[in-house]
Amino acid sequence: MRSTLPAPAGRGPCQTPADLVGGTPVLWIGEPFTAAPTGFWAKLEGANPGGIKDRAALHAVHRARERGELAPGAPIVESTSGTFGLALAIAGMTYGHPVTVVTDPGLEPMMAAMLAAHGVEVVTVDRPHATGGWQQARRDAVARLLAERPGSWCPDQYTNPDVADGYRGLGEELVAQLGRVDVLVCSVGTGGHSAGIHDAVSRRCPSVRLVGVDTVGSAIFGQPARPRLMRGLGSSIHPRNVRHAAFAEVHWIAPAEAVWAARHLARHRYATGGWSVGAVALVAGWLARTAPAGTRVAAIFPDGPARYAGTVFDDGYCRRNGLLGGEAPSGPRTIAHPGAAEATSWTRCAAGLDPAARR
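The rules we used
Residues numbered from 1 in each chain as written. Predicted model: local features only at pLDDT ≥ 70, side-chain atom pairs only at ≥ 80, totals over all residues. Heavy atoms only, no water. Helix = DSSP H or I, 4+ residues; strand = E, 2+ residues; numbered from the N terminus. Rg over C-alpha atoms; globule rule 2.2 N^0.38 Å. Buried < 20%, exposed > 50% of the residue type's maximum accessible area, 1.4 Å probe, protein only. Contact = heavy atoms within 4.5 Å. Pairing = 2+ DSSP bridges. Right-handed = clockwise from strand over helix to strand, strands pointing away. Axes fitted to C-alpha atoms, helices over the stretch in contact; angles between N-to-C directions. Parallel < 35°, antiparallel > 145°, perpendicular 65-115°, else oblique. Nonpolar A, V, L, I, M, F, W, Y, C, P; charged D, E, K, R; others polar. Phe/Tyr/Trp six-rings, centres within 6.5 Å; stacked < 30°, edge-to-face > 60°. UniProt positions renumbered as here; feature names shortened; annotations may be inferred. Left-handed = near helix turned anticlockwise from the far one by under 90°. Salt bridge = Lys/Arg side-chain N within 4 Å of Asp/Glu carboxyl O.

- For the chain, an unreviewed UniProt entry supplies the name Cysteine synthase A CysK2 and the organism Actinorhabdospora filicis.

Structure (structure tokens):
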């Protein structure tokens, strides 16, 4: 049932870019994902200057400086598919550090241009790693740059616990805005935001269920790694920030399904985003439809639509990749464990989600 919740307080006057981060709104999402009066609440992290990862980058840089790992004015070097690079741009401006990011040819031209406009040096790898794909190729390049630049520091968003801790404030905001959260839906890539938000929410709502949203072709939860069209979620490696045991279930979403959801969000609710937002909305809507009456579902929308103008919201791109014209996704098929079948379309699993446990 639709809740009558107070509107979140707006931000006060901001003196620095970092002051723009946090205090993001929640929005009720109903039709066409659910039938009235059911629905779910979306936390709109696209209201941050660069997206959800602004929170983590600022926190990780602050903590590294506190510990003396990052000296004043020292370079920051990191691997990114885009959003964490924008976040590091804000952190670099705030604390006075030059930033270099390593990315791959899949980075959208708009994102590359915005990174450069914000003073970020962009290094692009030219071939994927044989087994770890583009992510491992980027990480290998980061290691070489760190060796070449004495005193430089890498936040390592895949393994650094400070990155996960940087999202605790988001979880606290969410509970303050909604009062309680019964089901928390998060996309999973590096694993940081699902870990940090769940930690904070579960302290106030101990029975909250964490539902992960991954992409087909991702190895995070034990599926085979394949070339992937979607950016911002999924991985060809196993990031240590992913807390597999925290997840009650995981859903794998295909690109066409995420496009359908992102475009319908734009048409019906105005607030939308790219691959991760579309995938999360699809799963959150299904959970809201199928959960017991009164269940409060909260979904994290990591960013907004701007960087996806040439992909998710570009008809030519979507036609070339076979992403348009399908029927509305109605729900997932369910498999017993991630090794039971390869997910090529919306698939759900609630057991055996930690690949390490099966080795």
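**Considerations on the overall build of the chain**
Point 1. Each helix and strand counted, the chain has ten helices and eleven strands in total.
Point 2. In summary, the chain has a C-alpha radius of gyration of 19 Å against a globular reference of 21 Å for 359 residues, a match within 12%.
Point 3. Its C-alpha atoms give the chain principal-axis dimensions of roughly 55 × 50 × 45 Å.
Point 4. Burial analysis of the chain (359 residues in total) assigns 55% to the buried set.
Point 5. The long-range share in the chain, meaning contacts at least 24 apart out of those at least 6 apart in sequence, stands at 70%.

**Points about unusual backbone geometry**
Point 1. Residue Glu31 is joined to Pro32 through a cis peptide bond whose omega torsion reads 10°.
Point 2. Structurally, Pro32 can be placed in the loop between strand S1 (26–29) and strand S2 (40–44).
Point 3. Cis geometry marks the peptide bond from Ala36 to Pro37; its omega dihedral reads 10°.
Point 4. Among the secondary structure elements, Pro37 is positioned in the loop between S1 and S2.
Point 5. You will see that Asp156, though not glycine, has its phi angle at about 45°, which is positive.
Point 6. Locating Asp156 in the fold gives a position in the loop between helix H4 (133–148) and helix H5 (161–165).
Point 7. Residue Tyr270 is not a glycine yet carries a positive backbone phi of 65°.
Point 8. Taking relative accessible area as the criterion, Tyr270 reaches 75% and is therefore assigned exposed.

**Observations regarding the pairing of strand S5 (residues 121–124)**
Point 1. Across four bridges, strand S4 (residues 99–103) lies against S5 in parallel orientation. Residue pairing for S5: Thr103 is matched across the bridge by Thr124.
Point 2. Remark: the S4/helix H3 (residues 109–117)/S5 crossover connection has right-handed handedness.

**Side note on the packing of helix H8 (residues 255–269) against helix H9 (residues 275–290)**
Point 1. Remark: H8 packs on H9, axes separated minimally by 7 Å, with the N-to-C direction vectors making an angle of 85°. By the criterion of interaxial angle, the relationship of H8 to H9 is roughly perpendicular. Along the contact surface, H8 presents Pro255, Glu257, Ala258, Val259, Trp260, Ala261, Ala262 and Leu265, while H9 presents Trp275, Val277, Gly278, Ala279, Ala281 and Leu282.
Point 2. Here the residues of the contact of H8 with H9 sort into twelve nonpolar, one polar and one charged.

**Points about the packing of aromatic side chains**
Point 1. The final tally for this structure, using the stated rule, is five aromatic pairs.
Point 2. Ring centres of Trp28 and Trp41 lie 5.1 Å apart, and the angle between their planes is 70°; this geometry places the pair in the edge-to-face category. Remark: Trp41 occurs in strand S2 and Trp28 occurs in strand S1; sequence separation between them is 13 residues.
Point 3. Its relative accessible area of 8% is what places Trp28 among the buried residues.
Point 4. What links up through ring pairs into an aromatic cluster is the set Phe33, Phe40, Trp260 and Phe301.

**Overview of the pairing of S2**
Point 1. Most of S2 sits inside the fold, with five of its five residues counted as buried.
Point 2. Because side chains alternate across S2, one face comprises the buried residues Phe40, Ala42 and Leu44, and the other comprises Trp41 and Lys43, equally buried.
Point 3. As judged from the four bridges shared by S1 and S2, these two strands associate in the antiparallel manner. Paired with Leu27 across the strands is Ala42, a residue of S2.
Point 4. Alignment of S2 against strand S9 (residues 297–301), held across four bridges, turns out to be parallel. Following the sheet pairing, Lys43 is matched in S9 by Ile300.

**Observations concerning the UniProt feature "domain: Tryptophan synthase beta chain-like PALP" (unreviewed entry) in the chain**
Point 1. Here, UniProt's "domain: Tryptophan synthase beta chain-like PALP" (unreviewed entry) annotation points to residues 20–303.
Point 2. With 40% helix and 16% strand, the stretch residues 20–303 has end C-alpha atoms that lie 15 Å from each other.

**Quick word on the packing of helix H2 (residues 83–95) against H3**
Point 1. Where H2 meets H3, the closest approach of the two axes is 10 Å, and the angle between their N-to-C directions is 15°. The angle between H2 and H3 places the two elements in the roughly parallel class. Remark: the crossing between H2 and H3 carries left-handed chirality. From H2, Thr83, Gly85 and Leu86 reach across to H3, where they touch Met111, Met114 and Leu115.
Point 2. Here the contact of H2 with H3 is built from residues that sort into four nonpolar, two polar and no charged.

**Topic: the pattern of salt bridges**
Point 1. Going through the model one piece at a time under the given rule, you end up with 20 salt bridges.
Point 2. Taking the shortest distance from any N to any O, the salt bridge between Asp165 and Arg168 comes out at 3.2 Å.

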